[in-house]
Amino acid sequence: MLSVNVKRGVALSATGLLTVVVTGAVPVSATAPTPARSSPHVQFSLSFPRPALNQATDGRAYVIVSSDSSSQPRGQTDIVGGAPFWGMDVHGLKPGSRVLVSDNAPGVDGFPLRALDQLRPGRYYVQAFLNRYETFHRSDGSTVSLHMPCGDGHDIFNSPGNLYSTPQWVTISARPGQVTTLSLDQQVPLPSPAPKGGTCQQGNPPDTAHVKHIKILSPSLTAFWGRPMYVAANILLPAGYTSATSARYPVEYHFDHFTTDAPHGFTEDGSNSFSSSWLSGQGPQFISVEIREENPFYDSSYVTNSPNLGPYGTATAHELVPAIDHAFRTVAEPWARITSGGSTGGWEALASLVYYPDVFGETFAGYPDPVDLHREQLVNTYDDANAYYKKAGLQKVLQPDARSPEGDIAYQDIDENHYELAVGTHHRSAGAWDTWDAVYGPQGVDGYPADPWNKQTGAIDHAVTARWKPKDLTDYVRSHWSTLGRQLDGKIYVYVGDTDTYYLNDAVQLFQVMLAEQTAPAAHATFIYGRAQPHGWSPYTAEQWFAVYAEYLRQHGHPLSSSSHTLAKQQWNAPAGDPADLAGVTMKPLDHGIPSR
């Protein structure tokens, strides 16, 4: 089965992306559901026995239907080529109760088949699932039901506490009235045990010689969400850290999707190139930090303050960063805090500098999520009439969502949005588009993120998208340049493939054009474009990036030691054939880029 249902931070190869191609035809997901019958021929009765369900709960129930028994159906849903599934919201579900999932049940929606009766008769490997919601009474007065992840990075179908049935083979006939019974008597276990008196939030990975972990209770998030909320980080220490007891180190804040793994894939046995280089102690010595901030909407908060997710920017910049400085021998000054990351992490790296220039010193942001909302991928959220179609006279042309560097289309906006709608209403799918709605947009009157467009039809509500501008980094930087310019001068470095899988290079170019227009002061930013490179492209390997950081600090006048700090010994050598130009707004097509890890 083709797997394209990925977080935006995962690089996709041109060949791996396009096993299934959707071109000009309207996909099945866009067709109207089959009208409900008085007696549908596809019906599932879901039961929730004790002790799996021990108290009344809200959530979303699913039935997943596959022809492949090599893995559980709950792991086979996808935007393209995945197992058909249907979901429906449930409220006040009690132990021992039953739920009937059919086309006659209110609110049932599926993907890629919108209606259950579109499923052809046959023999299928079937599984039921329940994504459990919790009720949050937030400080803004809103009450919402959302899934709270538990060290799993908001991976719904593998999130601890969620319920599932044992998969079974079922024969679906064309005979009306057939009901298949499925018992959700299994529960997803914790990926790692929480310590006594601790929490599963953000996970509990074990420490090693060079990898440490920190988790703090966030006062600002706790106040917003009305319950204890935590943020955490994985800390990679340089070779010699334990023996050089007086040395302090600059810090790379590397943003990414939720992971309990060490930054940059580091392993203590030195079994990969980065780990071997890091353990040798021969390269520039930094502390590398990767933030963990899974939340009720996604595996990442985008480390910014937003009406729907709350003050994750404050929690990171003003609560977690000081805690890290207190626990580890960092150089606790902005110039010594470099931000980096790709995709979601690229947006976070850039936004952290833009919103908190008094905390962070410079950014190296890769293939960031949309930084100009005139191009949310290809959607002009301010001016387009529809997110799914472009009108051309009497024709409607589907809006592409993902492509290969050669230009082949993998799937369309309508596909991913309808997939998300089947996974969760009210922007609860933990998918990319739903998360952008939550991060970029205002809160709706019901307490959930306001809809920027009709999820069924794609019709854009410009009254909502006009309120996205505080999270439009191009608009924000332009409108605040009189105060931000001095703080951002020479501190922005962005790289992206010029055929990014998700068209993110378009927004990067608009951001570059805006910076090039600034003269008081000039931006002196750097933009690197990888020729014919997809999402995930990087001009350097992970170990080479640290030499680039070191060279940047040297060029900007930060010596090996200062009156207030004794720094670890550094080697300030940039990689051979270094294409980076750290002065001036540049557009540099590169033919010798090295793919990131």
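Cut-off values and rules
Residues numbered from 1 in each chain as written. Predicted model: local features only at pLDDT ≥ 70, side-chain atom pairs only at ≥ 80, totals over all residues. Heavy atoms only, no water. Helix = DSSP H or I, 4+ residues; strand = E, 2+ residues; numbered from the N terminus. Buried < 20%, exposed > 50% of the residue type's maximum accessible area, 1.4 Å probe, protein only. Contact = heavy atoms within 4.5 Å. Areas by Shrake-Rupley, 256 points an atom, 1.4 Å probe, with all protein chains shown as cover. Salt bridge = Lys/Arg side-chain N within 4 Å of Asp/Glu carboxyl O. Pairing = 2+ DSSP bridges. Axes fitted to C-alpha atoms, helices over the stretch in contact; angles between N-to-C directions. Parallel < 35°, antiparallel > 145°, perpendicular 65-115°, else oblique. pLDDT = per-residue confidence, 0-100. Phe/Tyr/Trp six-rings, centres within 6.5 Å; stacked < 30°, edge-to-face > 60°. Core = buried A, V, L, I, M, F, W, Y, C linked by side-chain atoms within 4.5 Å. Expected span 1.5 Å × (residues − 1).

Time to look at the overall build of the chain. Scanning the chain from terminus to terminus reveals 12 helices and 26 strands. Within the chain, buried positions represent 61% of all 597 residues. The contacts of the chain with a sequence gap of at least 6 include a subset with a gap of at least 24, amounting to 75%. On the chain, roughly 21,900 Å² of surface is accessible, and the fraction owed to carbon and sulfur atoms is 52%.

This part covers the pattern of salt bridges. The final tally for this structure, using the stated rule, is 11 salt bridges. Arg-227 is paired through a salt bridge with Glu-134; the nearest N and O atoms lie 2.3 Å apart. Pair noted here: Arg-227 is in the loop between helix H2 (219-225) and strand S13 (230-236) and Glu-134 is in strand S6 (residues 122-137), with a separation of 93 residues, a long-range link. Its relative accessible area of 23% is what places Arg-227 among the partly exposed residues. Owing to a relative accessible area of 33%, Glu-134 belongs among the partly exposed residues under this scheme. By sharing partners, the salt bridges in this structure join Arg-60, Asp-89 and Arg-428 into a single network.

What follows concerns the pairing of strand S20 (residues 389-392). Pairing analysis gives 4 bridges linking S20 to strand S21 (residues 395-398), with the strands arranged antiparallel. Of the residues in S21, the one forming a bridge with Tyr-389 is Leu-398.

Here the focus is the packing of helix H3 (residues 273-280) against helix H12 (residues 542-555). Following both chains from N to C, one finds H3 and H12 inclined at 45°, their axes separated by 8 Å at the closest point. Compared by their axis directions, H3 and H12 come out oblique. Here Ser-273, Phe-274, Ser-277 and Trp-278 of H3 come into contact with H12, specifically with Ala-542, Glu-543 and Phe-546.

The next subject is the confidence of the model for the chain. Of the residues in the chain, 87% have a pLDDT of 70 or more, and the chain-wide mean is 89. Note that pLDDT drops below 50 for residues 10-32; the model gives that stretch 56 contacts with residues more than four away or on any other chain. Below pLDDT 50 for its whole length, residues 560-597 participates in 100 contacts with residues either more than four positions away or in separate chains.

In the structure shown here, the tally under the stated rule is 37 aromatic pairs. Centroid distance Phe-111 to Tyr-419: 5.6 Å. Interplanar angle 90°. Geometry classified as edge-to-face. In this pair, Phe-111 is assigned in strand S5 (residues 109-111) and Tyr-419 in helix H6 (residues 413-423), connecting sequence segments 308 residues apart. With a centroid separation of 6.1 Å and 35° between ring planes, the pair formed by Phe-274 and Phe-546 is classed as tilted. You can see Phe-274 sitting in helix H3 and its partner Phe-546 sitting in helix H12, a full 272 residues away along the chain. Phe-546 matches Phe-274 in its accessibility class, with the two residues each being buried.

This next bit is on the environment of Ser-246. Take Ser-246: it is sitting in the loop between S13 and strand S14 (251-255). On the basis of relative accessible area, Ser-246 is assigned to the exposed category, the value being 55%. Sequence separation between Ser-246 and Arg-329 is 83 residues, and the spatial gap between their C-alpha atoms is 8.2 Å.

We now examine the nonpolar core. General note: in soluble globular proteins, nonpolar side chains tend to be found buried as a group. Counting residues in each nonpolar core, the largest one holds 133 residues, and the members touching the most others are Phe-511 and Leu-515. Element by element, the count of residues in this core is highest for H12, at 8 residues. Contacts of Phe-511, omitting those with residues within four sequence positions, involve Leu-350, Val-371, Leu-473, Thr-474, Val-477, Ile-492 and Phe-527. Core analysis: the second largest hydrophobic core is formed by 29 residues, Phe-44, Leu-53, Val-90 and Val-108 among them.

Cis geometry marks the peptide bond from Phe-111 to Pro-112; its omega dihedral reads -5°. For the bond from Ala-520 to Pro-521, the omega torsion is 0°, close enough to zero to count as cis. When you line up the elements, Pro-521 lands in the loop between helix H11 (504-516) and strand S25 (526-530). Phi at Gln-377 is positive, roughly 60°, even though this residue is not glycine. Its place among the elements puts Gln-377 in the loop between strand S19 (362-366) and S20. Residue classification places Gln-377 among the buried residues on the basis of a relative accessible area of 0%. One non-glycine residue, Ala-532, adopts positive backbone phi at about 55°. Among the structural elements, Ala-532 can be located in the loop between S25 and H12.

This next bit is on the sheet that holds strand S10 (residues 179-183). Read from one edge of the open sheet, 3 strands run S4-S1-S10, paired in mixed fashion. Either end of the sheet is taken by a strand with one partner, and the two such strands are strand S4 (98-101) and S10. Looking at each pair of strands side by side, their axes are set apart by 20° on average, direction ignored. Of the strand pairs in this sheet, strand S1 (residues 43-47) and S10 are connected by 5 bridges, and their pairing is parallel. Paired with Gln-43 across the bridge in S10 is Val-179.

Next up on the list: the pairing of strand S3 (residues 85-93). Across 7 bridges, strand S2 (residues 57-66) lies against S3 in antiparallel orientation. In the strand pairing of S3, Ala-61 is matched with Met-88.

Taking 1.5 Å per residue as the helical rise, H12 with its 14 residues ought to reach 20 Å, and the 20 Å between its terminal C-alpha atoms agrees with that figure. Here H12 lies mainly inside the structure; 10 of its 14 residues are buried. Ala-542, Trp-545, Phe-546, Ala-547, Val-548, Tyr-549, Ala-550, Glu-551, Tyr-552 and Leu-553 are the residues of H12 that are buried. On its buried face, H12 sits against S14, H3, strand S15 (287-292), strand S18 (337-342), S19 and strand S24 (492-497).

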